[in-house]
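Breakdown of the fold
Each chain, written out:
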Amino acid sequence: MKLLAIVGSSRPEGNTNYLVDEALGEAAKLGAQTEKLILSQYEVNPCLGHEDCASFDSCQQKDDAGWILDRFCEADGVILATPVYYYNVTAQMKAFIDRNYFLYKKDRRSQARAVGIIVVAEKEGIEDTLYALKQFVDWSFDVEENRRFIASGYAGKLGDAQNNLPLAEEARKLGRQIVESLKEGS
Ligand SMILES: Cc1cc2nc3c(=O)[nH]c(=O)nc-3n(C[C@H](O)[C@H](O)[C@H](O)COP(=O)(O)O)c2cc1C
């Protein structure tokens, strides 16, 4: 069982990564094979918007989006995690979302059967960001409502997520719920 986390934060030691690590740690304890991709460590350029994806076998931009999208499609479970930047996902996460347009144009979807969303903000914008990610999940996955899990809450400075004990527990619960959901569905 493969669980892939796609992370939109640029801070490897930051709040989002901490929460993702907690979620993946729990998932691994229950037997999942976990992988975390921090988008800022790769080259995922914005979509060029030519709308001609269907004419090509692969996206014409030769960056890291191609293999990341392949892995995204193959995973049994996916976690999308981002801090709130101006009431939305980060630029890295938005670029990743937009590059999914190639899959959409090719009628390809992630085969994941469970999805987790992790969103962290200093003080506001969580609802707007969740809305954006939920819309993306609707378009890109074929996952029933009861297999979608959310952990969201407040943390601003480095280390704040570690001190937000209910939020950290929510993230661990999300990790467990994804694996349990995948086990039920297999
Ligand atoms: C460019 C930028 C924009 C931000 N916009 C918001 C915002 O709209 N609302 C909010 O509550 N926090 C905002 N924040 C704070 C981050 O969401 C918060 O610090 C979060 O914990 C960062 O996650 P990280 O540690 O994983 O990088 C912003 C931070 C940055 C750098």
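First, a word on scope: everything that follows refers to the structure included in this document. These figures come from a predicted structure and were not determined experimentally. (Residues numbered from 1 in each chain as written. Predicted model: local features only at pLDDT ≥ 70, side-chain atom pairs only at ≥ 80, totals over all residues. Heavy atoms only, no water.)

1. Let's talk about the environment of Gln60
- In this structure, Gln60 sits in the loop between strand S2 (33-38) and helix H2 (65-74).
- Once the C-alpha coordinates of Gln60 and Phe102 are considered, the two residues, 42 residues apart in sequence, prove to be 9.8 Å apart. (Helix = DSSP H or I, 4+ residues; strand = E, 2+ residues; numbered from the N terminus.)

2. Considering helix H5 (residues 126-140)
- The end-to-end C-alpha distance of H5 is 21 Å, a good match for the 21 Å that 15 residues give at a rise of 1.5 Å each.
- Of the positions making up H5, those classed as buried are Ile126, Thr129, Leu130, Leu133, Phe136, Val137 and Ser140. Mapping the buried residues of H5 onto a view down its axis gives an arc of 125°, with all of them on the same face. What points out from H5, more than 90 degrees from its buried face, is the exposed set Glu127, Tyr131 and Trp139.
- Buried residues in H5 make contact with H2, strand S3 (77-83), helix H3 (91-99), strand S4 (114-121) and strand S5 (148-154). (Expected span 1.5 Å × (residues − 1). Buried < 20%, exposed > 50% of the residue type's maximum accessible area, 1.4 Å probe, protein only. Arc of directions from axis to C-beta. Contact = heavy atoms within 4.5 Å.)

3. Some details on the site of the ligand
- With respect to spatial proximity, 17 residues lie near the ligand, and among them Thr16, Val84, Lys123, Glu124 and Ala155 are the closest.
- Separating an oxygen atom of the ligand from a backbone N or O atom of Tyr87 is a distance of 3.1 Å.
- Between Lys123 and the ligand, the recorded distance is 2.6 Å, taken from a backbone N or O atom to an oxygen atom.
- Considered on its own, the ligand offers 640 Å² of accessible surface; in the complex 79% of this is hidden by protein.
- Assessed atom by atom at 2 Å from the grid points, the ligand resides in the second largest pocket.
- Secondary structure elements with two or more residues in the shell around the ligand: helix H1 (15-29) and S4.
- When the residues that make up the shell around the ligand are grouped by side-chain class, the tally is 8 nonpolar, 5 polar and 4 charged. (Near = heavy atom within 4 Å. Polar contact = N/O pair within 3.5 Å; in protein donor to acceptor, adjacent residues only side chain to side chain. Areas by Shrake-Rupley, 256 points an atom, 1.4 Å probe, with all protein chains shown as cover. 1 Å grid on protein atoms, 1.4 Å probe; cavity = no way out; pocket = protein on both sides within 12 Å on 5 of 7 lines; lining within 4 Å. Sits in = over half its atoms within 2 Å of the grid points. Nonpolar A, V, L, I, M, F, W, Y, C, P; charged D, E, K, R; others polar.)

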